[in-house]
Amino acid sequence: MFNFQVSRKGIARKSYNRSFREEFKNTLLYAVQYWHEKILPRHFYVSAHGKYRHQRRDAEWVQNKRKKGRGQGKFIDLLFKGTARRWLTHNPQYSATSRLGKVKMEAPPYFVKPNEKNPGSQPDKVAELKLITRDERQEMAKRIHKHLIRQIKQAEKKR
């Protein structure tokens, strides 16, 4: 999802080995929390179709959405009744190591399970959900960089 280059320049090797891994872990945890709280909800805006280049839905599905969808579900690709948004935004589980940050979310079965009667007819909603635009990637990189610098400075003060 992101590409980072980590450098030891200016950090003593001894402190790098001990504290840097913990600081980077905390920073990755911050990053996945930020993505979940600030960027994920943007996928449920009306403008998300063009911004995230969602796959085209077939005419029958669009017509069914307009008739039976609830509220914004009539117009937003990833919604129908709002179930997916509620499931994905509530009760996430965040985890991180010094190399990887993860957020685990629950999704309704229809969100991840393909249509068995007509395989390949549904767009890959999970891939659409995980897509991050260039602007969002830059926004996150700036926030992650600031957070990591703050973490390292705090660790140096403790010594």
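Note that residues are indexed from 1 along each chain, following the sequence as it is written. In keeping with the predicted nature of the model, local features appear solely for residues at pLDDT of at least 70, side-chain atom pairs appear and are counted solely at 80 or more, and the whole-chain, interface and lining totals rest on all residues. To get the side-chain values, all heavy atoms of the structure are used, and hydrogens and water are removed first.

1. A word on the pairing of strand 2 (residues 101-104)
- The pairing of strand 1 (residues 93-96) with strand 2 spans 4 bridges and is antiparallel. Within strand 2, the position partnered with Ala-96 by the bridge is Gly-101. Two strands form a pair only when DSSP identifies at least two bridges running between them. Helix and strand labels come from DSSP, where a helix needs a run of H or I of at least four residues and a strand needs a run of E of at least two; each type is numbered from the N terminus.

2. Here we look at a positive patch on the surface
- Surface patches are defined over residues having more than 30% relative accessible area and no salt bridge, joining like charges when they lie within 9 Å and nonpolar side chains (Val, Leu, Ile, Met, Phe, Trp, Tyr) when within 5 Å. For every accessible area listed, the method is Shrake-Rupley and the probe measures 1.4 Å; residues are considered covered only by the protein chains on display. For salt bridges, the criterion is a side-chain nitrogen of Lys or Arg within 4 Å of an Asp or Glu carboxyl oxygen. Charge counting follows a simple rule: Lys and Arg are positive, Asp and Glu are negative, and His as well as the terminal groups are ignored. By convention, the charge on Lys lies at NZ, on Arg at CZ, on Asp at CG and on Glu at CD. Among the surface-exposed residues, Lys-38, Lys-142, Arg-143, Lys-146 and Arg-150 lie close enough to one another that they form a single positively charged patch.
- It is helix 7 (residues 134-158) that provides the largest number of residues to the positive patch, a total of 4 residues.
- Examined against the element boundaries, Arg-150 turns out to sit in helix 7.

3. Concerning the pattern of salt bridges
- Counted by the stated rule, this structure contains 3 salt bridges.
- Where Glu-136 meets Lys-51, a salt bridge forms, and the shortest distance between an N and an O atom there is 3.6 Å. Taken together, the residues span a long stretch of sequence, with Glu-136 in helix 7 and Lys-51 in helix 2 (residues 48-51) at a distance of 85 residues.
- Burial classes: relative accessible area under 20% of the type maximum marks a residue as buried, over 50% as exposed, and values in between as partly exposed (1.4 Å probe, protein chains only). Judged by its relative accessible area of 37%, Lys-51 is partly exposed.
- Connected through shared salt-bridge partners, Arg-42, Lys-51, Glu-136 and Glu-139 make up one network.

4. Focus on the side chain of Lys-125
- Along the chain, Lys-125 falls in helix 6 (residues 125-130).
- By definition in these notes, contact holds between two residues if any of their heavy atoms fall within 4.5 Å. With near-sequence residues (within four places) excluded, Lys-125 lies in contact with Arg-57, Leu-78, Tyr-110 and Phe-111.

5. Quick look at the confidence of the model for the protein
- The predicted model of the protein averages 79 in pLDDT, with 82% of residues at 70 or higher.
- Values of pLDDT, which run from 0 to 100, indicate the predictor's confidence residue by residue. In the model of the protein, helix 5 (residues 109-112) stands out as the element of lowest mean pLDDT, 76, in contrast to strand 1, which has the highest, 92.
- Within the model, pLDDT remains below 50 along residues 1-6, and this stretch shows 9 contacts once partners closer than five positions in the same chain are excluded.

6. Considerations on the nonpolar core
- Within the largest apolar cluster, 16 residues are counted, with the highest numbers of intra-cluster contacts made by Trp-35, Leu-40, Phe-44, Leu-88, Phe-111, Leu-129 and Met-140.
- For this core, the secondary structure elements donating two or more residues are helix 1 (13-39), helix 4 (83-89) and helix 7.
- Sorting elements by how many residues they give to this core places helix 1 first, with 4 residues.
- With near-sequence residues (within four places) excluded, Leu-88 lies in contact with His-36, Leu-40, Phe-44, Met-105, Glu-106, Ala-107, Phe-111 and Leu-129.
- Counting residues in hydrophobic clusters, the runner-up holds 6 residues, among them Phe-20, Leu-28, Leu-148 and Ile-152. The nonpolar core is taken to be a set of buried Ala, Val, Leu, Ile, Met, Phe, Trp, Tyr and Cys residues, with the residues joined through side-chain atoms within 4.5 Å.

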